[in-house]
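Residues per chain, in single letters:
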Amino acid sequence: MNKPTNGVPDHRPRGARRRPRPRKAAGGRVVVLGGGYAGMMAALRLAPHAQVTLVDPDDRLTERVRLHEVAAGRPEVAHSRAELLRGTGVEHLAARATALDPDARAVHTDRGRSLLYDRLVYALGSHTDPRGAGQRSFTAETAPALHQRLLTGPGALAVVGGGLTGIEMAAELAEAHPEWQVRLLTGGELGPGLSARGRSHVRTVLARLRARVTEGRHVADADDLDADAVVWTAALRATGDLARDAGLDTDPATGRIRVDAALRSVSHPDVYVAGDAAEARSPRAGTLRMACATALPTGAHAAAGIIAELRGTEPRPLSFSYFVQCVSLGRHDGLIQSVRADDTPRETVLTGRPAAHVKEQVVRSTRRFLTLTARHPAAARLMIPNVS
């Protein structure tokens, strides 16, 4: 038995770690909508400073950057949300937000519970806008169904979209299912954000995997293609119409919420926006693209802005720069593309197995950083400059 603490005997085995106690909120009610990378980061960073409720229907955090692996047959890419939130004091409400009332500062959910807030973090992310219905049309979000379809027999598989998501999907499926005839189609050039060296390596790997590439081909919907299965990886949109229906200023083309330099809604400044839902900008990067690379930094920065306001100070503007693009090309190859602060490519690249290893470590680091923030919320300061 260990020594008593405050007069109470401790019967845990010697050396066992004490479960952390929930942290007490310093003030303010914050509701976080969406439990992806950005929403989780914001909730964990805010935990010591406010009463935080995280609203997300899923009890597990899915690593969205691994969905192409799920389509190829990886069994699990999700982690227990309760485990990540344990000891932080963050309440997880397993529900879906159905309406937002900015005037009343209230969120209504499909569980019949309404939540009042002093600040809201809107982090509902994005989804692929599918083109075509039916059993042969899939997206990254329907990766488990796509995997089941691939198991039913060989055929022709078309991946639409020549960006990084389409490249990763085509390479992963061509490697895992060589019995399928994989073709990648894009309206423009393959990998438009890559350097000539980077694009050349992608072409070489796809050719080795017998995945055909067709450039300059615009596809309206699945009916345009003679294929047994079609995977859409282009046309990302902010998830749902909750913000628009509530009267927040949004971009009609993408559904993203227009924000100021501190990531506050330009029409409703008590609403902070993080991740893909935010039409965010920084002086060096310009308009941020929808990506995991921007989710954690904007989640941390939105939380920092709320913390600043709780302390009676003005939130700082977002400071963000790009550094690299990481692309997996199956399980044994990859591409690490060096980029400038505004995401334009440099000629420096890392390829092959070393690049695949770096990519894997980057993906793993995402969950590790969330775990670290759960234990030490101030660690978010290491993520981006100007995080308080």
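Because the structure is predicted, anything quoted here is derived from the model rather than measured.

Peer 1: Summarise the packing of aromatic side chains; cite the residues concerned and give the values.
Peer 2: Scanning all chains against the criterion turns up one aromatic pair. Ring centres of Phe320 and Tyr322 lie 5.0 Å apart, and the angle between their planes is 85 degrees; on these two criteria the pair is classed as edge-to-face. With relative accessibility at 8%, the residue Phe320 sits in the buried group. A relative accessible area of 7% means that Tyr322 is categorised as buried.

Peer 1: How would you summarise the pairing of strand β9 (residues 106-109) if you had to cite specific residues and measurements?
Peer 2: For a regular strand, the rule is simple: side chains alternate between the two faces of the sheet. For strand β8 (residues 97-101) and β9, the ladder comprises four bridges, and the chain directions are antiparallel. Its bridge partner being in β9, Ala97 is matched across the sheet by Thr109. Connecting β8 to the antiparallel partner β9 that follows it, the hairpin turn spans four residues, and Arg105 within it adopts a positive phi of roughly 50 degrees. Of the strand pairs in this sheet, β9 and strand β10 (residues 114-116) are connected by three bridges, and their pairing is antiparallel.

Peer 1: Got a sec to walk through the packing of helix α1 (residues 37-46) against helix α8 (residues 292-310)? Specific residues and values, please.
Peer 2: One way to put it is that α1 packs onto α8 with a least axis distance of 7 Å and a crossing angle of 30 degrees. Accordingly, the angle class assigned to the pair α1 and α8 is roughly parallel. Crossing of α1 over α8 shows right-handed handedness. Judged by residue contacts, Tyr37, Ala38, Met41, Ala42, Arg45 and Leu46 of α1 engage Cys292, Ala295, Leu296, Gly299, Ala300, Ala303, Ile306 and Ile307 from α8. Its residues placed into classes, the contact of α1 with α8 shows twelve nonpolar, one polar and one charged.

Peer 1: Can you tell me about the environment of Arg183, naming the residues and giving the values?
Peer 2: Within the secondary structure layout, Arg183 lies in strand β15 (residues 181-186). Since its relative accessible area comes to 16%, Arg183 is described here as buried. Placed 177 residues apart in sequence, Arg183 and Glu360 show a C-alpha to C-alpha distance of 25 Å. Sequence-distant contacts of Arg183, defined by excluding residues within four places in its chain, comprise Leu157, Ala158, Val159, Arg212, Thr214, Arg217, Leu225 and Asp226.

Peer 1: Tell me about the packing of α1 against helix α9 (residues 352-375), residues and numbers included.
Peer 2: Between α1 and α9, whose axes approach to 9 Å, the crossing angle comes to 20 degrees. Between α1 and α9, the angle falls in the class roughly parallel. Crossing geometry of α1 relative to α9 is assigned as left-handed. On the side of α1, the interface is formed by Tyr37, Met40, Met41, Leu44 and Arg45, while α9 contributes Thr366, Phe369, Leu370, Thr373 and Ala374. Each residue belonging to the contact of α1 with α9 can be placed in one class, and the counts come to seven nonpolar, two polar and one charged.

So, how was this worked out
- Residues numbered from 1 in each chain as written.
- Predicted model: local features only at pLDDT ≥ 70, side-chain atom pairs only at ≥ 80, totals over all residues.
- Heavy atoms only, no water.
- Phe/Tyr/Trp six-rings, centres within 6.5 Å; stacked < 30°, edge-to-face > 60°.
- Buried < 20%, exposed > 50% of the residue type's maximum accessible area, 1.4 Å probe, protein only.
- Pairing = 2+ DSSP bridges.
- Helix = DSSP H or I, 4+ residues; strand = E, 2+ residues; numbered from the N terminus.
- Axes fitted to C-alpha atoms, helices over the stretch in contact; angles between N-to-C directions.
- Parallel < 35°, antiparallel > 145°, perpendicular 65-115°, else oblique.
- Left-handed = near helix turned anticlockwise from the far one by under 90°.
- Contact = heavy atoms within 4.5 Å.
- Nonpolar A, V, L, I, M, F, W, Y, C, P; charged D, E, K, R; others polar.

Scope: geometric values only; no functional claims are made or implied.
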